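This is what each chain is made of:
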Amino acid sequence: MEKTLAKKSFPQWVKALDSWTVYVPRKDDEGRWDFVRADGQETALDISQTTLPPKKILFPQREVFLEFRKTQAGNLETTEIKEVLPEVHPTVVIGARPCEARAAWLLDKVFGGEFQDIYYWKRREPTTLVGLACTPPPSDNCFCPSVEGSPHSEEGLDVLLTDLGDRYYVKSMTAKGEALISAAPKLFSEPSAEDQKRVKAAHAESEKQIKRQVKDARGISEKLKGMFDSPFWDEEAMSCLRCGICTYLCPSCHCFDINDEIETSSPLRGQRVRTWDTCQFPDFTMHSSGHNPRPDKASRLRQRLLHKFQYFVQVYGQIMCVGCGRCITLCPVGIDIIKVLDKVRQDGD
Amino acid sequence: METSVYTPQLAKIIQTKDEVVGPRAIKTFRTQFVNGGRLDFRCGQCAMLSVFGKGESMISISSSPLVKDYLQFSILRTGRVTAALHDMEAGDTIGIRGPYGNGFPIEEWRGKNLVFIGGGIGLAPLWSVVQTALLRKREFGALSLIYGARTSKDIVFKDELEELKDKMPVHLSIDVAEPDWKDFVGFVPTNVLDKKPSPTNTIAITCGPPIMIKFVIKNLKDLKFEDEQIYTTVENKMKCGIGKCGRCNIGFHYVCKDGPVYSWAELKKLPQEY
Amino acid sequence: MAKIDELKEEARKVLRDGTVKYIIGYGNGTNGWPAAPIFVKKPEDVDRFIWDPTCVHNLVRFLIDEKRRKARQKQPDKRPVGIFVKGCDSRAIVVLLQEKFIERSDVYILGVSCEKAGVVDAAKLSKKLAGKMPKRVELDDQNRFVVTTESGKIEAAADELLAERCRECPANFPVIYDVLSGEKVKRTPDKPYGSLEKIESLSAEERWTFWKAQLDKCIRCYACRSACPMCYCDECVVDSINLAVTADTTADEKAQRIRWVQRSAESSENFVYHLVRAMHLAGRCIDCGECERVCPLDIPLRFLNKKLEKEAKELFGYDVGFDASLPALISCFRDEDPQDFIR
C-alpha cells in the first residue's frame, strides 16, 4: 500500500495511534537523539542518528526471565519458580533507520532457529517498525550499501517513510503497517505519479550521498578466514580500551549475560535476569579456573570482526554489520572498522 | 502453553556421593524430576543445572540415556555455583534444563572397538558412553578404558572402576608414585603410548584437561589413528546453552549447540580458541 | 600552540637507539575526530605524531595495558615505553608512581605544555558546528581556535570551546617529564571549582533529581572505567569482574566473593557503581575528563570526581598528582586532620 502524508498532519497521525505504545526519536538539551515515548510534542522527523538504536526496545538492557523463591512451611522447604514473560502492548517505533530495521531482521535469525527466544519474540511480534529513508544519511560514517543494505532498504520494516519536502511518501509492506494507516485513513492521500518519480529520485540521490564505503565486503569475509593467526590484530587492538561501547551501541550485537539477582537471602527470593554483555570485556570467556581463551585485546577485536564479517556469513549467509557507523563515531580512541576492513583487504598485497 | 527455553524444570537431589574430597573436591549427584518433568537425551549431551540465587552451570550428563530412574552428574567444586551445589544434600531442589549439545555419534560407532581415555573429572562426560556401550555390548567391538588422575585420591568413580575391571580392560594411572600404587605412574598421554591401543576399526574418545587432550591426540596420531577416529569434548564458559548469548562462540560454532563433541577432523578446522 | 619538533627529534633518537620500546602519542584520526592515540615503533614513523587542541585523550591508560602485557609474557621486554603527556596526563603518571603501580624507569615522558589554552571540548565543538565533523583545529596567536570543516573555517574565542577542566586546570604543563615542548605558562584559575557551582547551589532534593535522571541513562558499558588511567584493579569491587583468578584460587574464594553491584542497569545499581567508583578515585583523580568524554550517553561524570577533589583539597589540603613521594590520600592521616564529623 502506498500513500502520502502531509508533514503537518504527522503529529495528528501519531496522536491517532493511541491504541499503540509509540516511540519517536527526540533530541535532548545537549543535542543527543534517543527513542522515547511519544507525548504529543512531535513535529516532524528531522532526525540524525540516535545514540542507542531501537534494538533497546526489542532487546532491553535488562530483562527478567523468571522469579524464584524458597518458602518454609515447618520442616519443609519448597522452591518455586515463576516464569516472567513480558506482556508487551502493541508498539510502534517511528523513525527507525533502514539499517536498524535490517539489524532487527538479522537478530530475528539469532533469536529464532531451533531454540526460539520467547522473550525476544514477545517484544518483536507486537512491534511495528516505521522506517525513515535516509535522505540525507544520518551520519558521516554511514556505509550501509557496502554491507548489502541501503538507505531505503525495506528489510525488517513494516512501513517506509521517505521525506519529500512537504510530505512523506508512505509505503506499507505488511499488514501490521497497514493497520497504522487505517488508524487515521483521512490523513493519507493517494500518491501521484509525480510523487512516485520524486521518491525514486530521492532514493537514488540518498545512495550517492553516503560518504564512506568498504570495497568487496564479501571478499574480505573470505579473506578473514585465513587471517586468524595474523599479527595484524595486535597492531589494530593496541589502542582499544575494551570498553563495550561498540557492541552496546551496535544495532545487531546481541551477546548477553544471565545472572541471579537476590532480593532477600533468607527466605530466598530473587530474579534470574538477562543483561547486555560484550565480547570485548576481558572476563567474557574466562573459565572458572582462570583459563581465558581470549586473554588479550587483539583476540577480542579479532573475535568482533570475525563474528560480524565471517562467522555470521558462514552460518546465516548474511554480513552481520549493517553499516550504521556508530562504532566509528563513538569509539573513544578512533578505532575505525572501515579502515580495519580496508587493511584486511590489502593485507599481504 | 508457551514456555521459555530458559526456564528449568525442578528436580530433587536423591543421592550424593563424595568421589574426591579436599581442595579439588568432586561429587556425584543423582537427580529426579519433580512435578512429572523429564529429559530425554543422548550420550554426551549436557544440561544446565540451576542453583537458584547463585546461577547456572553446564554439566555433562554422566548416566546412560538407557537409565530412566535418574540423571547423574559429577561436578568439580570450582566456583560460585558448583560450591553451592556441593553444599547441597539429598532432598534439596535444583533446576535442570536441557538437553543441550550434539552428543556422541554412537550409532556410527556400532561394530567398532571403543577406547576411552580420560583424565580427572574428564571421565564424567565419557561415563554415559561407557555405561551405554556396556548395556548394548553386542553392538560394539572391544571396549577398554585408560584413565588417570593426579593422585589416587583424585580418581573418580573408584567403586565403579573396580566393578568395571571385570567387564573390560581398565588401565589406571597417577602422576606421581605412591607406596600402594601398582598400576602405571605417569601422565595419561604417556600411558596411552604405553598401552598402544590399535587404531584398526577403533574409535578413541578422550576428555580431560585441555593440555592432556592436546597430548593424547598427538600420541594417538603417532599410533596411526586417523583424525576421524579421535573424538573429544570441548569445554567453554556458557550461559544460555542454546547458542545465543555468544559466550562459547568458536569460529562459526557455538560449543553449547554445535558441540561440545567434536572429532579431531572437525575440531582442527575451528580456530584454536578454547 | 606548542610545537613538537624537538619532541619528534627526541622520539626519533630514542627509537633509533632502541632505548625505548615504542612511543604512545597522538596521530591523525579518521572517524571525524582529528586526533587518535597511535603507537610508533619505527623512527621513520615519528612524523605521524601531531599536537593540536584535539589531542584530548589521556594516553596514560595505555601504560596499564603495557604492564598487563608484560605480565603475560615469559621474558618481557623491560625497556621503557615513551609517552606524550599534557599537564593533566603527567599528574596521572605521578599518581601511578605514588601507588607504585609503575616505576619511573618504565616510562620515558615526552611532555607538552598547553601554554595559554588547553584542549577543545567535543560537545561544545559539536554544538558550534551544528553536528558537522571537524577536520582540523588549531590555536592561533590571538588565542582563538580556528576550526576547519568540509565547508570552510570557523573561528571562536578559546573560552568558548575550551574544555571546562582546562579552565580550572592548576597545571597546564607537565609536572614530570624527560623532555618538554612549549612554554611553562603558570596559571592560577580564579575559580578552580567553578564548574561545580551550579550543582552545589541545588538543594539536596534537586541534586537527587538531577543525578537520578543522569544515572538512569547509564547502560553500564564501563567505558568510564576503561578510559580512566587510575582504574587498574584486576578485581574491581563494583563489578563481577575478577581477573585476578589463577589456577590456585580456591573454589571457596571464588564462591565467597560478594557481588556488591548487579549487572543490571537499574537505578540502584547504577548509583552504587558510579558513586563507589568516585569514592575509589578520591585523592587519585586528576581531572583528565576522559570518563565524561567517552560516555556515549553524555553523563556528566566529571562533577562527581571534581567534587571529591575539592573536598580533598579543602579538608585535607591534598593536591592530587604533583608529588610522587606523597602517600595516597586515603592511606594516611595527619594529627591536624579535621574532626568536626565526630559529634
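None of these values were measured; they are calculated from a predicted model.

Across its full length, chain A holds 12 helices and 12 strands. Rg of the C-alpha trace for chain A: 22 Å, near the compact-globule value of 20 Å for 349 residues, within the 12% margin. If you line up chain A on its principal axes, its C-alpha atoms span 70 × 70 × 40 Å. Considering chain A as a whole, with its 349 residues, one finds that 49% of them fall into the buried category. At a minimum sequence separation of 6, the contacts of chain A that also span at least 24 residues come to 73%.

Of the regular secondary structure elements, chain B holds seven helices and 15 strands. Computed over C-alpha atoms, the radius of gyration of chain B comes to 18 Å, within 12% of the 19 Å expected from 2.2 N^0.38 for 274 residues, which places it in the range of a compact globule. Considering only C-alpha atoms, chain B reaches an extent of 55 × 45 × 35 Å along its principal axes. Classification of the 274 residues of chain B by burial places 53% in the buried group. Put simply, 70% of the contacts in chain B that link residues at least 6 apart link residues at least 24 apart.

Right, let's talk about the domain arrangement of chain A for a bit. All names here are of chain A. Per the domain assignment, the segments of chain A are domain 1 (1-61 + 77-213) and domain 2 (214-349). For domain 1 versus domain 2, the distance between C-alpha centres works out to 26 Å. Tallying the contact residues gives 26 residues for domain 1 and 22 residues for domain 2. Here the side of domain 1 that touches domain 2 gets eight residues from one element, more than from any other, and that element is helix α3 (residues 98-111). Looking at side-chain class alone, the side of domain 1 that touches domain 2 contains 12 nonpolar, eight polar and six charged residues.

Next up on the list: the interface of chain C and chain A. Between chain C and chain A, the residue contacts involve 38 residues of the former and 38 residues of the latter. At the level of secondary structure, the elements contributing two or more residues to the side of chain C that touches chain A comprise β2 (35-40), α2 (61-72), α4 (122-128) and α9 (223-227) of chain C. Across the side of chain C that touches chain A, the residue classes break down as 19 nonpolar, 12 polar and seven charged.

For the rest of this paragraph, the subject is the nonpolar core. Nonpolar side chains in soluble globular proteins generally cluster together in the buried interior. By size, the foremost hydrophobic cluster in this structure holds 261 residues, and its most contacted members are Ile83(C) and Ala223(C). If we ignore the near neighbours within four places in the chain, the residues touching Ala223(C) are Leu241(A), Cys243(A), Gly244(A), Ile245(A), Pro332(A), Val294(C), Cys295(C) and Pro296(C).

This part covers the environment of Leu281(C). Residue and element names in this part refer to chain C. When you line up the elements, Leu281 lands in the loop between α11 (267-280) and α12 (290-294). Through-space distance from the C-alpha of Leu281 to that of Cys221 is 19 Å; in sequence the pair is 60 residues apart. In contact with Leu281, not counting residues within four places along its chain, are Met230, Asn305 and Leu308.

Quick look at α3(A) now. Residue and element names in this part refer to chain A. Given a rise of 1.5 Å per residue, 14 residues ought to cover 20 Å, and the 20 Å separating the end C-alpha atoms of α3 matches this to within 8%. Counting buried positions over the 14 residues of α3 gives 10, a clear majority of the element. Residues of α3 that are buried in the fold lie against α2 (55-58), β6 (91-96), α4 (118-124) and β7 (127-132). Note on α3: the residue one or two positions beyond its end, Gly113, has a positive phi of about 80°.

Here we come to the interface of chain A and chain B. If you look at the interface, chain A gives 38 residues, while chain B gives 30 residues. Across the side of chain A that touches chain B, the residue classes tally to 22 nonpolar, 11 polar and five charged.

All names here are of chain B. Entries for chain B in the domain assignment read domain 1 (9-100) and domain 2 (106-233). For domain 1 versus domain 2, the distance between C-alpha centres works out to 23 Å. Broken down by secondary-structure element, the contributors of at least two residues to the side of domain 1 that touches domain 2 are β1 (9-20) and β5 (71-76). Within the side of domain 1 that touches domain 2, the residues separate by chemical class into seven nonpolar, seven polar and two charged.

Residues and elements named next belong to chain A. In spatial order, the strands read β3-β2-β6-β7-β8-β9-β1-β10; together these eight strands make up an open sheet with mixed pairing. Two strands in the sheet have a free side with no partner beyond their single neighbour: β3 (33-37) and β10 (188-189). As paired strands, β7 and strand β8 (residues 159-163) are joined by three bridges and run parallel to one another. Bridge pairing in β8 links Val130 to Val159. Across the sheet, helix α6 (residues 193-208) touches β1 (2-6), β8 and β9 (167-172), and the angle it forms with β8 is around 90°.

Moving on, we get to the packing of helix α4 (residues 188-195) of chain B against helix α5 (residues 210-222) of chain B. Residue and element names in this part refer to chain B. Direction vectors running N to C along α4 and α5 enclose 20°, while the axes themselves pass 8 Å from each other. In this view, α4 runs roughly parallel relative to α5, as classed from their interaxial angle. Here the hand of the crossing between α4 and α5 comes out right-handed. For the pair formed by α4 and α5, the contact residues are Val188, Pro189, Val192 and Leu193 on the first element and Met212, Phe215, Val216, Asn219 and Leu220 on the second. Across the contact of α4 with α5, the residue classes tally to eight nonpolar, one polar and no charged.

This part takes up unusual backbone geometry. Cis geometry marks the peptide bond from Ser266(A) to Pro267(A); its omega dihedral reads 5°. Structurally, Pro267(A) is set in the loop between β11 (256-265) and β12 (268-276). Cis geometry marks the peptide bond from Gly98(B) to Pro99(B); its omega dihedral reads 0°. Counting through the fold element by element, Pro99(B) comes out in strand β6 (residues 93-100). Although it is not a glycine, Asp216(A) adopts a positive phi angle of roughly 60°. Within the fold, Asp216(A) resides in the loop between α6 and α7 (217-224).

All names here are of chain C. Ordered in space as β2-β1-β3-β4-β8, the five strands form an open sheet in which the pairing is mixed. Either end of the sheet is taken by a strand with one partner, and the two such strands are β2 and β8 (179-181). With strand direction ignored, the average angle separating the axes of adjacent strands in the sheet is 30°. Inspection of the sheet shows strand β1 (residues 23-28) paired to strand β3 (residues 81-85) by two bridges, in the parallel sense. Its bridge partner being in β3, Ile23 is matched across the sheet by Gly82. Contacting β3 and β4 (107-112), helix α3 (residues 87-98) crosses the sheet at an angle of about 155° to β4.

Let us look at the packing of α7(A) against helix α10 (residues 297-316) of chain A. All names here are of chain A. α10 packs onto α7 with a crossing angle of 95° between their chain directions and a minimal axis gap of 9 Å. Considering their axes alone, α7 and α10 lie roughly perpendicular with respect to each other. Mapping the contact onto sequence places Ile220, Ser221 and Leu224 in α7 and Leu305, Leu306, Phe309, Gln310 and Val313 in α10. A breakdown of the residues in the contact of α7 with α10 according to their chemical character gives six nonpolar, two polar and no charged.

Attention now moves to the environment of Trp276(A). Residues and elements named next belong to chain A. Among the structural elements, Trp276 can be located in strand β12. A residue is classified by how many C-beta atoms lie within 10 Å of it, and Trp276, with 25 of them, is buried. When the C-alpha positions of Trp276 and Lys339 are compared, they lie 27 Å apart, and in sequence the two are 63 residues distant. In this structure, Trp276 is in contact with Gln61, Tyr248 and Phe256, ignoring residues within four places of it in sequence.

The rules behind these values
- Throughout, a residue's number is its position along its own chain's written sequence, starting from 1.
- To read the labels, note that chains go from A and ligands from 1, taken in the order they are written.
- In view of the model being predicted, local features appear only for residues whose pLDDT reaches at least 70, and side-chain atom pairs are presented and counted only at 80 or more, with totals across whole chains, interfaces and linings using the full set of residues.
- Note on conventions: DSSP H or I runs of at least 4 residues are helices, E runs of at least 2 residues are strands, and numbering of each starts at the N terminus.
- As a reference, a globule follows 2.2 Å times the number of residues to the power 0.38, and the radius of gyration itself is taken over C-alpha atoms.
- Counting other C-beta atoms within 10 Å of each residue's C-beta, where C-beta atoms are placed from the backbone, gives the exposure class: buried for 20 or more, exposed for 12 or fewer, partly exposed between.
- Contact between residues is assigned whenever the C-beta positions, reconstructed from backbone atoms, fall within 7 Å.
- Each domain's extent was defined by an automatic or database domain assignment.
- Each residue gets one of three labels, nonpolar for Ala, Val, Leu, Ile, Met, Phe, Trp, Tyr, Cys and Pro, charged for Asp, Glu, Lys and Arg, and polar for the others, Gly among them.
- By definition, a nonpolar core groups buried Ala, Val, Leu, Ile, Met, Phe, Trp, Tyr and Cys residues that connect through C-beta atoms lying within 7 Å of each other.
- By definition here, a helix of n residues has an expected span of 1.5 Å times n minus one.
- Pairs of strands are assigned from DSSP output, requiring at least two bridges between the strands.
- Here an axis means a line fitted to C-alpha atoms, over the contact stretch when the element is a helix, while the angle between two N-to-C directions is reported on a 0 to 180 degree scale.
- In these notes the angle categories are as follows: under 35 degrees is roughly parallel, over 145 is roughly antiparallel, 65 to 115 is roughly perpendicular, and the rest is oblique.
- Crossings are assigned a handedness: left-handed for a near helix turned anticlockwise from the far helix by less than a right angle, right-handed for a clockwise turn.

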